[in-house]
Structures are given as C-alpha cells and as structure tokens.
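What the coordinates show
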Amino acid sequence: MCGIIGYIGKKQAYPIIINGLKKMEYRGYDSYGICVLDGDSVFLKKRVGRISSENSESECKGCISIGHSRWATTGSVCEKNAHPQEYNQFYVVHNGIVENYKELKEELIKKGHQFSSDTDTEVIAHLISEEFKGNLEDATKKALKKIIGSYGIAVISPKDKGKIVVAKLSSPIILGITDDGYIVASDPSAIINYTKQIITLDDNEIATLKEDSYTISKDKKIETIDWESDAVDKGDFEHFMLKEIMEEPRVIENAIQGRLLESDVKLGGLESSKERLKRTNKIYLVGCGTGYYAAKVGEYLMEEIGIIDAEAHMGSEVRYRNVRLNPDQTAIFVSQSGETADNLACLKKMKEANVLTLGVTNVIGSTQTRETEGGVYTRCGPEIAVASTKAFIGQITVLVMISLFLGRQRNLEEKEAKKIILELKNISKKADIVLKQAEKIKEIARKYSQYKDFFFIGRKFNYPIAMEGALKLKEISYVHAEGVTGGELKHGPLALIDETCPTIAICTKDSVYDKMLSNIEEVKARNGKVIAIATEGDSKIKEIATDVIYIPETLECLTPLLSAIPLHLFAYYFALALEKDIDKPRNLAKSVTVE
Ligand code: AGP
C-alpha cells in the first residue's frame, strides 16, 4: 500500500503536499517524492527514508503538485524507484500494481523507450507519453486501457498545464473540495486538515482537476468526513498504537450507540438484506490477519448466539478454495481498511455465486463498503498504527450485534438476548478497568522482554484472541510468537516449552476454565513460565501462574472484548522495551492492497 496526494489551487502546493504525506506516512514509509509545476518549470525531489524528516517549508513555488509515500512492491527501495515516476515530462504517482508491466515494458523498449527505474509504475508514464496528443486526460484514459492490475494514480505534465488527472481502479482515491482548490489523496487523513467535503471515486472513474473546477466521468455526491482532524494526531501519546488501545472502551460505546434495543439490535446496513438473512443457512466470515481473528471470534459468536452454521476463513485462502457456494449463504467481510486485496478478490468470487455479501468495515467509502450489498461500520475513527487494535475491538463488537440480529431471527431466546445486550451496554466500563492496569502490564512486558519465543494459548472464544495476541507481539517486536488452542499443546507444541519459551494463557472463568488450568500445569511441569489472563477474584490461578493479569468477569461470549486488551498492551510495552518502531514496523503496511 502506498499514499498518493495531489493539490491544485490558489495556494503554494509544496507545504500542503509534504504535510499530507506526513499524515499518510503509515501507508508507506520506505521512500517518498514530490513534483511541483510552476508554469514550465518543474521541481522534483525524491528521497529514501521517512517523510517525517522533511520540514514543510516551501523549497519551490507552484500551485500544482503531486506526492507519494512508498511501500515497495515492484523495485527495491532506492531513489530512482521512488515516485513520482517520470517519462518525457509526464509525472505519475501510483498506489496499486501493474500486473502486466513486464510485457508492456518490453513492447515500449522495442519502440525505443528507455527506462530509468525498476518499478511497474514507470510504464504508466511511458504509455501516457505514447498516447499524448495534447490532452492529458485523453492520453491517461487510453494508457490505462492497457493496464491489468490496480491503480490509484495522479498525473501532471508541463505539456498540458493547469490540471491534475486522477484515476481509480481498486486502490482508493478521495477528492477534497476546499475554498481555494482541490486536494486528492489515498485517504481522508491527508485531507481532513483542509476540508471535510469529499468525493470518493469509484472504479474506472477518471477526474480532471483544475484550479477552480473539476470534472468526473459521472455525477457524484459530496460526502462529509465524520471524524475530527485531531483523530489523525498522536496528541500526548508517544505512539498511535497506545492512543488507539486507550480508545478501545470508547470504540465499544461508539459501535453500540443507537444500535441496541431491549432484546434485539437495529442495524441499518442490514435492513435491505434482512429477508435474505432470515433464509440464509450458512455464514462465511472472511478476513486477513487481525481481521481474520475477529472473523474467527465471529464464527463462535454465530454458532452460540446467531444459532447458525458459520465458518471463518482467511481471504488469501478461501479465494482459491473450491468452497460450495450458493445464494442461501451469506459472506461477511471483516476489514479495517476495506481495501485488503485478498478479501476483495474473495468478495468478487462470492458475488459471482450470488452469495449475500456484507461488510464489517471501518473506513467509510472504502472499496469493500461499495462492493458489498450491505454491512455495519465499526465507527472506530481512523486507525493509523500498522498494528490493528481498536479496529479489532470494534469488529468484535459489531459481530456480537450481527449475531444477535441473526439469533433473534432464529430461536435465540428473548431473555438470553436481553442478558447479552445488558452486558454489552456495560462492558466498556470493564474495558476501562483493564486499561487501568497498563503500568502493571508494562512491568510484566519489561520483565519478559529478553525472551525470543512465546506461545499464546486459549480455547473457544479465546482461541482467536491467543492468535491475535501472538500476531500483535510478533509484528511490532519481531520476536517469534504463536497462538494455539490449549487442547493442541500436547499434540506437538509442548515439545518447545522450557524455561526459554514463556506462555501467555488466557484462562478466564468460562466453560473451558478447568481445561485451561490443566494446560497451565502442563507448561509449568516443563519449567515454562506462564503469564495468565484471568478473571478478577480467581485466587487459584495465582498459585500456579508465574504472573497474572486480571480482567473483570463477563459473559463468555463477550470475553474477547476484554481479554484482547491486555495482550494489545503487552505487545506495545514489549516493543517499547525493545525500542522498536512501533507504529511503522519493518516490512509491513497498514493496508495490504496488493496480493
Ligand atoms: C494487524 O495488526 C495487521 N496490521 C494486519 O494483519 C491487518 O489486520 C490485515 O492486513 C488486514 O487489514 P484490514 O483489516 O485493513 O483488512
């Protein structure tokens, strides 16, 4: 995933572009670049490294500019591969992938083109140059017809001054309308400081922006960004990740606001699908990474509360599997960004089989929300840290409500629904209680920060939480961590347990508590240290675990909303102790929009 941005208007463009790239640094942070036009003069700067090192003092004049923050896909991290990519005075910034760039490059080289980078994107600049007959948007349109893949692009050239041409296929493009011109970017975080009025481009749409007007291939409604500009600032926090973990109780409150009735839920995004949902006989839940772990919690929730057969799948797997699909099934896609390529490919496959497709999504106007037939927003506000935390809590909260919706269409008893809803109304206060243990969790994380291998174990609703905890730790600390079911330990993983390999055991008072206690005994008997996530008041666990982090008691089906929080904090403080780059871990991107 990369970040693209453009500005055209009455203001000097350079500071707007640099500040916008800083807001989007989480989308790609191995290199960056900017091109500014001022009449016939062109200013071009490309650097390897973090945009945060740049000051936004104008280095040049000009009111038309494009910029890019890169997460390398094709071509190594170096200055020549940074964007904008240029050929014959056509400058292009690109988020996406040109899958057929090798064939196109060979054809162009045969025509005498010389390439200066190893990127796929440079091909687009060459194609535009080939097609250019005086009009930039016509040339861009023709060039893109030859592209197989995905793109969000912005193009400028001194050969057709006074405009930016943008085009979208699979990778998001948002147009911000300001009093003095237009900003175009990959996501609202680069725009929110200048305007909340936005237009979201759909696939295969092209827009031409001029200083005081814009044209788009078809009429579009203007939307309003529904969060504040400080949502994309760290405030007093050292890292976005800690800020977002500390927001988790509020995320639960926002997700349930206006959606809970006494013994049912009101989910506007499902209204148009409710008759089909009543008939559906199977739920597929699809996600990647943390989205998959939330989907896995959803699988247990659907079985328990939704009273319906459910299967959670990784988007990267189920898109290639020969699953038996039919119109009496529903697929729920769980994604923070709504742009994860593997999920979107699977979504296309499910739609072709007439499966009802719904989304549990955080980013408003994202591709997933536009391609699914309905869904429920998680309302977490922007999540900037690459490691997903508050979005995970929002996803589970929404999946609880969708399960209630399905259960009440089936034979979930009214009193059971009332009990769950009542607890859901209170659980954010319990989440606040968990967060109050941050200092204790920080001490425990420091105490274990020299270990290089961890197991996370849980059962039933806490099995996906064990996997989520392991993912959080490994993706920001770069130590090996594995989430397994408690029951699987003795089938192999136990061979790895000794004094060098601690285990985090989620052992809350629930239907599998005794089994988890046995697992902790098994680990201790092999000199393994155990950090237990336990239910407040459980004194027994103190006798066997090495360290204990308590969470308030709640219903078993809602435990994930609390048991995930100490694991998010543990991973954060562990990475802090190792002085890792917590918000921007190496090799990763906030949203994986390529396959
Ligand atoms: C989670 O911390 C990771 N950053 C990653 O696994 C992420 O959850 C995954 O790429 C899915 O992203 P999405 O929710 O935007 O689809």
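As a starting point, this report considers the structure included with it. Treat the numbers as computed from the prediction; the structure is a model and nothing was measured.

Basis of the calculations
- Residues numbered from 1 in each chain as written.
- Predicted model: local features only at pLDDT ≥ 70, side-chain atom pairs only at ≥ 80, totals over all residues.
- Heavy atoms only, no water.
- 1 Å grid on protein atoms, 1.4 Å probe; cavity = no way out; pocket = protein on both sides within 12 Å on 5 of 7 lines; lining within 4 Å.
- Points joined across faces, edges and corners; volume = space filled by probe spheres on them.
- Nonpolar A, V, L, I, M, F, W, Y, C, P; charged D, E, K, R; others polar.
- Helix = DSSP H or I, 4+ residues; strand = E, 2+ residues; numbered from the N terminus.
- Pairing = 2+ DSSP bridges.
- Salt bridge = Lys/Arg side-chain N within 4 Å of Asp/Glu carboxyl O.
- Buried < 20%, exposed > 50% of the residue type's maximum accessible area, 1.4 Å probe, protein only.
- Disulfide = S-S within 2.5 Å.
- Contact = heavy atoms within 4.5 Å.
- Axes fitted to C-alpha atoms, helices over the stretch in contact; angles between N-to-C directions.
- Parallel < 35°, antiparallel > 145°, perpendicular 65-115°, else oblique.
- Left-handed = near helix turned anticlockwise from the far one by under 90°.
- Near = heavy atom within 4 Å.
- Polar contact = N/O pair within 3.5 Å; in protein donor to acceptor, adjacent residues only side chain to side chain.

**As for empty space enclosed by the protein**
A full pass over the atoms with the stated rule returns 2 cavities of 30 Å³ or more. Empty space within the largest cavity amounts to approximately 60 Å³. If you go around the largest cavity, the residues you meet are Cys2, Arg70, Trp71, Thr73, Thr74, His83, His94, Gly96, Asp120 and Thr121. For the lining of the largest cavity, a count of residues per class yields 2 nonpolar, 6 polar and 2 charged. Lining the second largest cavity we find Thr508, Lys509, Thr535, Ile551, Pro552, Glu553, Thr554 and Thr559. When its residues are assigned to classes, the lining of the second largest cavity shows 2 nonpolar, 4 polar and 2 charged.

**Things to note about unusual backbone geometry**
Note on backbone geometry: most residues besides glycine have negative phi, and most peptide bonds are trans. Geometrically, the link from His83 to Pro84 is a cis peptide bond, its omega value of 5 degrees lying close to zero. In this model, Arg379 sits at a positive phi of 60 degrees, which is unusual for a non-glycine residue. Examined against the element boundaries, Arg379 turns out to sit in the loop between strand S19 (374-377) and helix H12 (390-409). Located in the positive-phi region is Tyr478, a residue other than glycine, with phi close to 65 degrees. By the secondary structure assignment, Tyr478 is in the loop between helix H15 (463-477) and strand S21 (480-485).

**Here's the deal with the pairing of strand S3 (residues 41-48)**
In terms of strand pairing, strand S2 (residues 31-38) meets S3 through 8 bridges, oriented antiparallel. Bridged to Ile34 within S3 is Lys45. Counting the residues between successive antiparallel strands, the hairpin from S2 to S3 contains 2 residues, one of them, Gly39, with a positive phi of roughly 65 degrees.

**So, the pattern of salt bridges**
Considering all chains together, one arrives at 37 salt bridges under this definition. One salt bridge in this structure joins Asp547 and Lys447, with 2.8 Å as the shortest N-O distance. In this pair, Asp547 is assigned in strand S24 (residues 547-551) and Lys447 in helix H14 (residues 438-447), connecting sequence segments 100 residues apart. Overall, Asp547 belongs to the buried group, its relative accessible area being 13%. Between Lys460 and Glu556 there is a salt bridge, with its nearest N and O atoms 3.7 Å apart. Of this pair, Lys460 sits in the loop between strand S20 (453-458) and H15 while Glu556 sits in the loop between S24 and helix H18 (560-577), and the two are 96 residues apart along the sequence. The exposure class assigned to Lys460 is partly exposed, which follows from its relative accessible area of 29%. Owing to a relative accessible area of 19%, Glu556 belongs among the buried residues under this scheme.

**Quick notes on the state of the cysteines**
In the structure shown here, the tally under the stated rule is 0 disulfides. Here Cys78 is not disulfide-linked; the sulfur of Cys2 is the nearest cysteine sulfur, at 14 Å. Cys501 takes part in no disulfide bond, and the closest cysteine sulfur, belonging to Cys507, lies 18 Å away. Its relative accessible area of 4% is what places Cys501 among the buried residues.

**What about the sheet that holds strand S4 (residues 64-70)?**
A sheet is described by the order of its strands in space; here 8 strands give the open sequence S3-S2-S4-S1-S10-S9-S11-S14, paired in antiparallel fashion. With partners counted over all chains shown, the strands left at the sheet margins are S3 and strand S14 (223-224), one partner each. Sheet strands in contact with helix H1 (residues 13-23) are strand S1 (3-9), S2, S3, S4 and strand S10 (181-185), and its direction is about 155 degrees off that of S1.

**What about the packing of helix H13 (residues 414-435) against H18?**
Packing of H13 against H18 brings their axes to within 9 Å, and their N-to-C directions diverge by 25 degrees. By the criterion of interaxial angle, the relationship of H13 to H18 is roughly parallel. As for the relative orientation of H13 and H18, their crossing is right-handed in sense. For the pair H13 and H18, the contacting residues are Leu424, Ile427, Lys430, Ala431, Val434 and Leu435 in the first and Leu561, Leu562, Ile565, Pro566 and Leu569 in the second. Taken together, the residues of the contact of H13 with H18 sort by class into 10 nonpolar, no polar and 1 charged.

**A few points about the sheet that holds strand S15 (residues 282-287)**
Strand order in this open sheet of 5 strands is S16-S15-S17-S18-S19, and the pairing throughout is parallel. Of all strands in the sheet, those with a lone pairing partner are strand S16 (310-314) and S19, marking the two edges. On average, adjacent strands in this sheet sit at an angle of 20 degrees to one another, irrespective of strand direction. Sheet topology note: the S15/S16 ladder contains 5 bridges and is parallel. When the sheet's bridge partners are listed, Tyr284 is paired in S16 with Glu311. Helix H8 (residues 290-306) rests against S15, S16 and strand S17 (329-335) of the sheet, and its axis sits at about 175 degrees to S16.

**So, the site of the ligand**
Surveying the vicinity of the ligand reveals 16 residues, the closest of which are Ser335, Ser337, Thr340, Val386 and Glu475. In the environment of the ligand, a nitrogen atom lies 2.7 Å from a nitrogen or oxygen atom belonging to the backbone of Val386. Between the ligand and the protein, one listed contact pairs an oxygen atom with a side-chain N or O atom of Lys472 at 3.0 Å. The element best represented in the shell around the ligand is H15, accounting for 3 residues.

**Let's talk about the environment of Glu262**
Checked against the element boundaries, Glu262 lands in the loop between helix H6 (248-256) and helix H7 (274-279). When the C-alpha positions of Glu262 and Lys418 are compared, they lie 6.1 Å apart, and in sequence the two are 156 residues distant. Residues within four places of Glu262 in sequence aside, it is in contact with Lys418 and Ile421.

**Details of the environment of Leu404**
When you line up the elements, Leu404 lands in helix H12. Look at Leu404 and you get buried, because its relative accessible area is 0%. Expressed as a C-alpha distance, the spacing of Leu404 and Lys418, which sit 14 residues apart in the sequence, is 9.9 Å. In this structure, Leu404 is in contact with Asp264, Val265, Ile305, Leu412, Ala417, Ile420 and Ile421, ignoring residues within four places of it in sequence.

That is the geometry; function is a separate question.
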